[in-house]
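# Notes for the structure review
Here is what each chain is made of, one letter per residue.
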Amino acid sequence: MADQQARPGEDKRPSEIPVIRWEEPPEGPVLILLDQTRLPSEEVELVCTDASALVEAIRSLAVRGAPVLGIAGAYGVALAAARGFDVDEAAEALESARPTAVNLSVGVHRALAAYRDALTATGDPTAAATAALAAAQALHREDAEASARMAAHGLALLDELMPGGGHRVLTHCNTGALVSGGEGTAFAVALAAHRVGRLRRLWVDETRPLLQGARLTAWEAARSGMAYTLLTDSAAGSLFAAGEVDAVLIGADRIAADGSVANKVGSYPLAVLARYHHVPFIVVAPVTTIDPDTPDGASIEVEQRPGFEVTEILTPQASAVGGGGGVPLAPLGTQAYNPAFDVTPPELVTAIVTEEGTVSPVTPEALAALCTRARATPAA
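The structure reproduced in this document is the subject of the present report. (Residues numbered from 1 in each chain as written. Predicted model: local features only at pLDDT ≥ 70, side-chain atom pairs only at ≥ 80, totals over all residues. Heavy atoms only, no water.)

### A closer look at helix H4 (residues 102-122)
Note the cut-off: Think of it this way: any DSSP run of H or I at least four residues long counts as a helix, any run of E at least two long counts as a strand, and we number them from the N terminus. To estimate how far a helix should extend, the number of its residues minus one is multiplied by 1.5 Å. Buried residues are those whose accessible area, probed at 1.4 Å on protein chains only, stays under 20% of the maximum for their type, while exposed residues exceed 50% and partly exposed ones sit between those limits. Contacts between residues were defined by any pair of non-hydrogen atoms, one from each residue, lying within 4.5 Å.
Under the 1.5 Å per step criterion, the end-to-end length of H4 is 30 Å for 21 residues, consistent within 8% with the ideal 30 Å. Buried within H4 we find Val102, Asn103, Leu104, Ser105, Gly107, Val108, Ala111, Leu112, Ala114, Tyr115 and Ala118. On its buried face, H4 is in contact with helix H1 (51-59), helix H2 (66-83), helix H3 (87-95), helix H5 (125-161), strand S8 (254-256) and strand S11 (290-291). A positive backbone phi angle near 70° is found at glycine 123, which sits one or two residues after H4.

This is the structure in structure tokens:
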């Protein structure tokens, strides 16, 4: 199953993907995003001058992926503060932009707390804005460091489960540098395996309806010289049946206290397939994705997206929110069921890999201990 872009074992390190960055031109600070809705056909940047523009970018999936949403949320608070807008109002709008991804809320609250503490201590809005920005920049750095540690822990787990290398890994949605301050979560593990010559094949789910696997993961894999093959989501079962999958690696948008994992819709069927075929199902996510205030999977709010994402094929030039503009797939007026995420119960999860280590088996007690250990570890 060769493909022209596959160069197994090649240690190709492309230039850093400029997913999100803060700049301060003469006209005032801005947050600059790589517009992920335009990939892979073109690399276009969005310039956000206020929190409302960032909220729109989050809802349209111009910026997406749990860890980077946390970073974006923190920068959004800093942007509102620096520009003199109502910071509390901006924080509320940012936090509600995508309800399932807990990292967004974590990032917003972190920058907001820094802003309020500085404002209380100094009474100076400028000093408070500086504190909010420092909190966002610290979160950005920490996420990059967490990504590297997750990759190391994940690679160690793969080698433990499948000694000898030659890993054939199936992944869903996009979990690479596009979602992170570093090289990602689940994708970073596959990339680490590739760099040491132990990745035989990365199977990339197309990830319908918005094709984050086809548009984004395949793009990242090609840039890194990885051996990869794209498949439709519905073809995954045939791969398992043929014995072509050694492990499943996915990310997460929220992990409940009991270990239930909310991730891009289509993840739960993979977990069921993996269990039936005795294949490890591994979730890779930073500790900030674990939400101790959400007791179980039934308590996770699952975002419902517009029906036109299912009834139309959206081109990179078409708007991703508010009215379609793509090529019709279904008759006019067709109703569509379009949850952005599904929830995988903990009994189907082999392990959860974080920057603080691996939890396996996945139990409420083990997750709570991990979170306690993470809180006790000073930030780098």
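Moving on from the model shown.
### What about the side chain of threonine 207?
So the rule is basically this: Polar contacts here mean pairs of N or O atoms no more than 3.5 Å apart (in protein, one a potential hydrogen donor and the other a potential acceptor; neighbouring residues in sequence count only if both atoms are side-chain atoms).
Checked against the element boundaries, threonine 207 lands in the loop between strand S5 (199-205) and helix H7 (212-223). A polar contact of 2.8 Å, which involves the side chain of threonine 207, links it to the backbone nitrogen of cysteine 173. A distance of 3.0 Å separates a polar atom in the side chain of threonine 207 from the backbone oxygen of aspartate 205.

### Concerning the sheet that holds strand S3 (residues 45-48)
Put simply, the test is: Strands pair, by our definition, only if DSSP identifies at least two bridges between them. Orientation is described by lines fitted to C-alpha atoms, with helices fitted over the stretch in contact, and by angles between N-to-C directions that extend from 0 to 180 degrees.
Taken in spatial order, the 3 strands of this open sheet run S1-S2-S3, and their pairing is antiparallel. Of all the strands in the sheet, just strand S1 (20-23) and S3 have a single pairing partner and so form its edges. On average, adjacent strands in this sheet sit at an angle of 25° to one another, irrespective of strand direction. Bridge count for strand S2 (residues 30-34) against S3 is 4 bridges, and the pairing is antiparallel.

### Considering the packing of aromatic side chains
Which entries qualify depends on this criterion: Here is the rule: rings of Phe, Tyr and Trp (six-membered ring for Trp) pair when centre to centre is within 6.5 Å. Planes less than 30 degrees apart are stacked, more than 60 are edge-to-face, and the remainder are tilted. In this analysis the charged atom, NZ for Lys or CZ for Arg, is taken to sit over a ring once it is within 6 Å of the ring centre and within 35 degrees of the ring normal.
Taken as a whole, this structure holds 1 aromatic pair when the rule is applied. Between tryptophan 22 and tyrosine 75, the aromatic rings sit 6.0 Å apart at their centres with planes inclined by 25°, giving stacked as the arrangement. On the criterion of sequence distance, the pair formed by tryptophan 22 in strand S1 and tyrosine 75 in helix H2 is long-range, its members being 53 residues apart. For tyrosine 75, a relative accessible area of 4% translates into the label buried. Here the guanidinium or amino end of arginine 223 rests over the ring plane of tryptophan 219, the centre of that ring lying 4.9 Å away. In this structure, lysine 264 is placed above the aromatic ring of phenylalanine 341, and the distance from its NZ or CZ to the ring centre is 4.9 Å.

### A word on the environment of threonine 185
Within the secondary structure layout, threonine 185 lies in the loop between strand S4 (167-171) and helix H6 (186-195). Spatially, the C-alpha atom of threonine 185 lies 29 Å from that of threonine 130, the residues being 55 residues apart in sequence. Apart from residues lying up to four places away in sequence, threonine 185 is in contact with Pro67, Met150, Thr175, Gly251, Val284, Ala285 and Pro286.

### Let's talk about the environment of aspartate 159
Assignment of secondary structure puts aspartate 159 in helix H5. Judged by relative accessible area, which is 22%, aspartate 159 ranks as partly exposed. Along the sequence, aspartate 159 and alanine 193 sit 34 residues apart, while their C-alpha atoms lie 9.0 Å from each other. For aspartate 159, the contacting residues outside a window of four places in its chain are His167 and Arg198.

### Observations regarding a negative patch on the surface
Rules: Patches in this entry comprise residues that are over 30% relatively accessible and not in a salt bridge; like charges within 9 Å are linked, as are nonpolar side chains (Val, Leu, Ile, Met, Phe, Trp, Tyr) within 5 Å. Where accessible areas are quoted, they stem from the Shrake-Rupley method and a 1.4 Å probe; at the residue level, only the protein chains shown are allowed to cover. Basic side-chain nitrogens of Lys or Arg form a salt bridge, by our definition, when they fall within 4 Å of a carboxyl oxygen of Asp or Glu. By the counting rule applied here, Lys and Arg register as positive and Asp and Glu as negative, while His and the ends of each chain are not counted. Charge coordinates come from a single atom per side chain, which is NZ of Lys, CZ of Arg, CG of Asp or CD of Glu.
Among the surface-exposed residues, Asp86, Glu89, Glu92 and Glu95 lie close enough to one another that they form a single negatively charged patch. Mapping aspartate 86 onto the fold places it in the loop between H2 and H3.

### Remarks on the pattern of salt bridges
Inspection of the entire model under this criterion finds 15 salt bridges. The salt bridge involving aspartate 246 is made with arginine 168; its shortest N-O contact spans 2.9 Å. Of the two residues, aspartate 246 sits in the loop between helix H8 (236-241) and strand S7 (247-250) while arginine 168 sits in strand S4, which places them 78 residues apart along the sequence. Its relative accessible area of 18% is what places aspartate 246 among the buried residues. If you follow the salt bridges from partner to partner, you end up with Arg98, Glu303, Arg305 and Glu309 in one network.

### Re the packing of H2 against H4
Angle between the axes and distance between the axes: these two values describe a pair of packed helices. Put simply, the rule is: Reported orientations rely on four angle classes, namely roughly parallel under 35 degrees, roughly antiparallel over 145, roughly perpendicular from 65 to 115, and oblique for the rest. The crossing is said to be left-handed when, going from far helix to near helix, the turn is anticlockwise and less than a right angle, and right-handed when the turn is clockwise. Charged residues are taken to be Asp, Glu, Lys and Arg, nonpolar residues to be Ala, Val, Leu, Ile, Met, Phe, Trp, Tyr, Cys and Pro, and polar residues to be all remaining types, Gly included.
Their axes nearest at 7 Å, the elements H2 and H4 cross at an angle of 30°. Between H2 and H4, the angle is such that the two are roughly parallel. The crossing of H2 and H4 is right-handed. Across from Ala66, Pro67, Leu69, Gly70, Gly73, Ala74, Val77 and Ala81 in H2, the residues of H4 making contact are Asn103, Leu104, Gly107, Val108, Ala111, Leu112 and Tyr115. Across the contact of H2 with H4, the residue classes break down as 11 nonpolar, 4 polar and no charged.

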